[in-house]
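Examining the three-dimensional arrangement
Residues per chain are reported as follows:
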Amino acid sequence: MKKQQLTIALSKGRILEETLPLLEAANIVPAENIFKSRKLIFDTNHENIKLVVIRATDVPTYVEYGGADMGIAGKDVLMEHGGEGLYEPLDLNISRCKLMVAGLKDAPAVEGRMRIATKFVNVARQYFAQQGKQVDIVKLYGAMELAPIMGLADRIVDIVDTGNTLRANGLEPMDFIADISSRLVVGQAAMKMKHRQIQPILDMMSAAVDKQR
Ligand code: PRT
Ligand code: MG
């Protein structure tokens, strides 16, 4: 039986470097150097497997709608997307960080409605709703740390790793929202239709993740 085409969507940016060794452990190797190319689609050592390299936030969308069969994305991005149409069978344990609420160092508690700047508007809305707090959310696309400094927001919801970026801008982490790492996702349709091809890839990547622990 001829093998079906399989497309894997990879997040460009910081996750990509840690992704390639895990793919290689599953014997999936791009046919050329992804970092030195401006291509978006890459052939691999398997004639039926292709890689697409796209914005991290677009990965779940591609996989949800079947534009790709599988993908790799940060849990932050998956939480914000909501996960519709996706299975999340494997924690790759890479690109670890935390989603946090942060604000200006020693900022007083806010009376009444807080204004929150973030690119994670859905995550933030849900988090503060769970806390029973009324907030207004302002969507930003980057440099969230600037918002409290400029008086645009009382707090931000952002990714924190070492905390250096917050500190360098006079901010501090305040509340923990979630531990983040990158996950392998599979489209629900692909999992049904291409299970025989996908399962061995999952198994090999899972073994590679265990070895790295
Ligand atoms: O650039 P684009 O808008 O396409 O996407 P992006 O900037 O989100 O992509 P990228 O490549 O920067 O990050 C992709 C993913 O990496 C995120 O979705 C997370 O899952 C994961 N990740 C892990 C991080 C970090 N660590 C991280 N430290 N993403 C971002 N940061 C940034 C953070 O936003 C903040 O500006 O680093 C800064 C904080 O780092 P510390 O060490 O100073 O605390
Ligand atoms: Mg970036």
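Since the structure is predicted, the reported quantities are computational estimates derived from the model, not experimental observations. Here the residue numbers are simple positions, counted from 1 along each chain's written sequence. Working convention: letters from A go to chains and numbers from 1 go to ligands, in the order in which they are written. Local features are withheld for residues below a pLDDT of 70 in this predicted model, meaning they are given only at 70 or higher, and side-chain atom pairs are given and counted only at 80 or more; totals for whole chains, interfaces and linings count all residues. Water and hydrogen atoms were dropped before computing side-chain values, which therefore reflect all heavy atoms in the structure.

**Re the pattern of salt bridges**
What counts as a salt bridge is simple: a side-chain nitrogen of Lys or Arg found within 4 Å of a carboxyl oxygen of Asp or Glu. Throughout the structure, instances matching the rule amount to nine salt bridges. Across the salt bridge formed by Glu 32 and Lys 39, the nearest N and O atoms sit 2.6 Å from each other. The partner of Asp 106 in a salt bridge is Lys 105, with the nearest N and O atoms 3.3 Å apart. Connected via shared salt-bridge partners are Lys 75, Glu 88, Asp 91 and Arg 183.

**Concerning a positive patch on the surface**
Where like charges cluster on the molecular surface, the positive patch consists of Lys 12, Arg 14, Arg 55, Lys 119 and Lys 139. Per the convention used, a helix needs a DSSP run of H or I reaching at least four residues, while a strand needs a run of E reaching at least two, with both numbered from the N terminus. Tracing the sequence through the fold places Lys 12 in the loop between strand 1 (6–11) and helix 1 (14–25). Like-charged residues within 9 Å of one another, or nonpolar side chains (Val, Leu, Ile, Met, Phe, Trp, Tyr) within 5 Å, are grouped into patches, provided each residue has over 30% relative accessible area and no salt bridge. Accessible surface area values rest on a Shrake-Rupley calculation with a 1.4 Å probe, where residue burial reflects the displayed protein chains alone. Working convention for charge: Lys and Arg count positive, Asp and Glu count negative, and His plus the chain ends are omitted. Positions of charges follow a simple convention, taking NZ of Lys, CZ of Arg, CG of Asp or CD of Glu.

**Some words on the site of ligand 1**
When we say a residue is near a molecule or strand, we mean one of its heavy atoms is within 4 Å of it. Arg 55, Asp 76, Thr 162, Gly 163 and Thr 165 are the nearest of the 21 residues found near ligand 1. Polar contacts, as counted here, are pairs of nitrogen or oxygen atoms within 3.5 Å of one another; within protein the pair requires one atom able to donate a hydrogen and one able to accept it, and residues that are adjacent in sequence qualify only if both atoms are side-chain atoms. A distance of 2.7 Å is found between an oxygen atom of ligand 1 and a backbone nitrogen or oxygen belonging to Gly 163. The side chain of Thr 165 places a nitrogen or oxygen atom 2.5 Å from an oxygen atom of ligand 1. Coverage of ligand 1 by the protein chains reaches 77% of its 820 Å² of free accessible surface. Elements with a contribution of two residues or more to the shell around ligand 1: helix 1, helix 3 (75–81), strand 9 (155–160) and helix 6 (164–168). Per-element accounting of the shell around ligand 1 gives the leading share, three residues, to strand 9.

**Here we look at the sheet that holds strand 10 (residues 171–180)**
Hydrogen bonds along the backbone pair up the strands of a sheet, which may run parallel or antiparallel. Each pair of strands is called paired provided DSSP finds at least two bridges between the two strands. The strand order across the open sheet formed by five strands is 8-7-9-6-10, and the pairing between neighbours is mixed. In this open sheet, the two edge strands, each paired with only one partner strand, are strand 8 (135–139) and strand 10. Averaged over all pairs of adjacent strands, the angle between their axes in this sheet comes to 30°, without regard to strand direction. Here strand 7 (residues 114–118) pairs with strand 8 via five bridges, running parallel. Across the sheet, Ala 117 pairs through a bridge with Val 138, a residue of strand 8. Angles run from 0 to 180 degrees between N-to-C directions of axes, and those axes are lines fitted to C-alpha atoms, restricted for helices to the stretch in contact.

**Examining the environment of Ala 107**
Tracing the sequence through the fold places Ala 107 in the loop between strand 6 (97–104) and strand 7. Between the C-alpha atom of Ala 107 and that of Ile 49, which follows or precedes it by 58 residues, the distance is 51 Å. By the convention used here, residues are in contact when the closest approach between their heavy atoms is within 4.5 Å. Leaving out residues up to four positions away in the same chain, Ala 107 has contacts with Arg 155 and Met 174.

**Side note on the packing of aromatic side chains**
Only rings of Phe, Tyr and Trp enter the pairing, Trp through its six-membered ring, and a pair is recorded when the two centres are within 6.5 Å. The plane angle decides the type: under 30 degrees is stacked, over 60 is edge-to-face, the rest tilted. Under the definition given, this model contains one aromatic pair. When the ring of Tyr 127 is compared with that of Phe 128, the centres are 5.1 Å apart and the planes differ by 80°; the resulting orientation is edge-to-face. Buried, partly exposed and exposed residues are distinguished by accessible area as a fraction of the type maximum, computed with a 1.4 Å probe on protein chains only: under 20%, between the cut-offs, and over 50%, respectively. By relative accessible area, which is 10% here, Tyr 127 ends up buried. With a relative accessible area of 2%, Phe 128 lands in the buried category.

**Observations concerning the sheet that holds strand 4 (residues 70–74)**
One open sheet accounts for six strands, arranged 2-3-1-4-11-5; its pairing is mixed. The sheet terminates laterally at strand 2 (41–43) and strand 5 (86–91), the two strands that pair on one side only. Sheet twist, expressed as the average angle between the axes of neighbouring strands with direction ignored, equals 25°. Relative to strand 4, strand 1 runs parallel, the two sharing three bridges. Bridge pairing links Leu 10 to Ile 72 in strand 4.

**Some remarks on the side chain of Thr 44**
Relative to the elements of secondary structure, Thr 44 occurs in the loop between strand 2 and strand 3 (49–54). For Thr 44, a relative accessible area of 10% gives the class buried. A polar contact is formed between the side chain of Thr 44 and the backbone oxygen of His 46, at a distance of 3.0 Å. Only 2.8 Å separates the side chain of Thr 44 from the backbone oxygen of Ile 49, close enough to count as a polar contact. Sequence-distant contacts of Thr 44, defined by excluding residues within four places in its chain, comprise Ile 28, Val 29, Pro 30, Ala 31, Ile 49, Lys 50 and Leu 51.

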